[in-house]
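What follows is each chain in one-letter form.
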Amino acid sequence: MIPLLTVDKATKKFGELVAVDNVSFEVKEGEIYGIAGPNGAGKTTLFNLITGIPYRADAGSVHLRGDDITGLSPHEIYELGIARTFQKETAFDTLTVQENVRIGAVFGTELRPDQYEAAVEKALADLDLSADRDRLAGELSLYAKKRLMIASAIVSGPSLLMLDEPAGGLNVAELSELEELIRRLSRGEMTIIIIEHVLPLLFGVSNRVMVMDFGKRLAEGSPEQLARDDVVIEAYLGERGKDAFHAISG
């Protein structure tokens, strides 16, 4: 079976800095694929190369269901079914929650005008935002803003959702809710790639995880395999952090 997403030897340089260095991986239809690594490992840059926002790879290729999408524009990639979120919560603060999600339905999708409202209602319900539909986005809590960003991404009905550090700044209760939300979206036949520093969340939801370090692919495997990989652990926390890593990922 052809993978949903294939990234082959992706490379991005900024002057002398190689931010993403010859990285290859595949994502299967229906799985949750995690990407981990220390700050500066190249994780978000890799997301940028896949989506074309705000730049493309200097070398390598990206294929969606076997079709080369490397040279396509961001809106063309979005129309083909790849949606993403960003580390910083993005919303139009002076518009309502419903209006924010409607923008996602109108722009960059192939939905007909008569389908907009049903898609908006479904996205609001999927992200537990129906009760907040008439609130201004600027009034929302951090966690609600994160859910609004995801709702605006999934309203188009993407086959692949890419989440960039959705757990940042959340408390324990919110992390638990987010984990269940991600699982629920996946059960709805949506393939998910997630970048995350909160390892209990990442390891808890992911079928497979790729670890990056200094722009390179360091390792890939199940969460259980990586939790026992001393090379991965040292890249994250150093020699003295091994016991702590085993404790949070075991």
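Quick note: structure is the one above.
Scoring rules and cut-offs
- Counting of residues starts from 1 at the beginning of each chain's written sequence and follows it residue by residue.
- Only residues with pLDDT of at least 70 are given local features in this predicted model, and only at 80 or more are side-chain atom pairs given and counted; all residues enter the totals for whole chains, interfaces and linings.
- Heavy atoms throughout the structure, all of them, feed into the side-chain values; hydrogens and water do not.
- Secondary structure follows DSSP: runs of H or I at least 4 residues long count as helices, runs of E at least 2 residues long count as strands, and numbering of each begins at the N terminus.
- Think of it in three bands: residues with accessible area under 20% of the maximum for their type are buried, residues over 50% are exposed, and the middle band is partly exposed, with areas taken using a 1.4 Å probe on protein chains only.
- Throughout, a contact is declared for two residues whenever any of their heavy atoms are within 4.5 Å.
- Only the stretch in contact is used when fitting a helix axis, every axis being a line fitted to C-alpha atoms; angles between N-to-C directions are given from 0 to 180 degrees.
- The hand of a helix crossing depends on one turn: near helix anticlockwise from the far one by less than a right angle means left-handed, and clockwise means right-handed.
- Classes in brief: Ala, Val, Leu, Ile, Met, Phe, Trp, Tyr, Cys and Pro nonpolar; Asp, Glu, Lys and Arg charged; the others, Gly included, polar.
- Angles are sorted into four bins: roughly parallel if under 35 degrees, roughly antiparallel if over 145, roughly perpendicular if 65 to 115, and oblique for all others.
- Only when DSSP finds a minimum of two bridges between them are two strands counted as paired.

A.B. asks: Before we go on, may I ask you to explain the overall build of the protein chain in this structure?
C.D. replies: Helix and strand content of the protein chain: ten helices and ten strands. Here the C-alpha coordinates of the protein chain stretch approximately 55 × 40 × 35 Å along the principal axes. Residues classed as buried in the protein chain amount to 50% of the 250 residues present. Once local pairs closer than 6 in sequence are excluded, the contacts in the protein chain between residues at least 24 apart make up 63%.

A.B. asks: So what exactly am I meant to see when it comes to helix α1 (residues 43-51) here?
C.D. replies: An α-helical segment advances 3.6 residues per turn. Residues three or four places apart therefore align on the same side. Among the nine residues of α1, eight are classified as buried, and the element is accordingly described as predominantly covered. For α1, the complete set of buried residues consists of Lys43, Thr45, Leu46, Phe47, Asn48, Leu49, Ile50 and Thr51. A positive phi of about 75° marks Gly52, the residue just after α1.

A.B. asks: Sorry if this is basic, but what is going on with the packing of helix α3 (residues 97-106) against helix α5 (residues 142-154) here?
C.D. replies: How two helices sit against one another is set out by the angle between their axes and by the gap between those axes. Contact pair α3 / α5: the axes reach a minimum separation of 7 Å and the direction vectors enclose 35°. With respect to the hand of their crossing, α3 and α5 are arranged in right-handed fashion. Contacts between α3 and α5 pair Val97, Asn100, Val101 and Gly104 from the former with Leu148, Ala151 and Ser152 from the latter. Residue composition of the contact of α3 with α5, by class: four nonpolar, three polar and no charged.

A.B. asks: What am I meant to see in the packing of α3 against helix α4 (residues 116-126) here?
C.D. replies: Remark: α3 packs on α4, axes separated minimally by 9 Å, with the N-to-C direction vectors making an angle of 125°. Between α3 and α4, the angle falls in the class oblique. For α3 against α4, the interelement crossing comes out right-handed. Counting all contacts with α3, which are made through Val97, Gln98, Val101, Arg102, Ala105 and Val106, the residues of α4 involved are Tyr116, Glu117, Val120, Glu121, Ala123 and Leu124.

A.B. asks: Would you explain the sheet that holds strand β10 (residues 216-221) in this entry?
C.D. replies: In a beta sheet, neighbouring strands pair by backbone hydrogen bonds and run either parallel or antiparallel. One open sheet accounts for six strands, arranged β6-β7-β8-β3-β9-β10; its pairing is mixed. Looking at strand neighbours, the two that pair on one side only are β6 (82-84) and β10, the edges of this open sheet. When the angles between neighbouring strand axes are averaged without regard to direction, this sheet yields 20°. Strand direction decides the pairing type here: strand β3 (residues 32-36) and strand β9 (residues 208-213), joined by four bridges, are parallel. Within β9, the residue paired with Tyr33 across the bridge is Arg208. α1 rests against β3, β6, β7 (160-164), β8 (191-195) and β9 of the sheet, and its axis sits at about 150° to β7.

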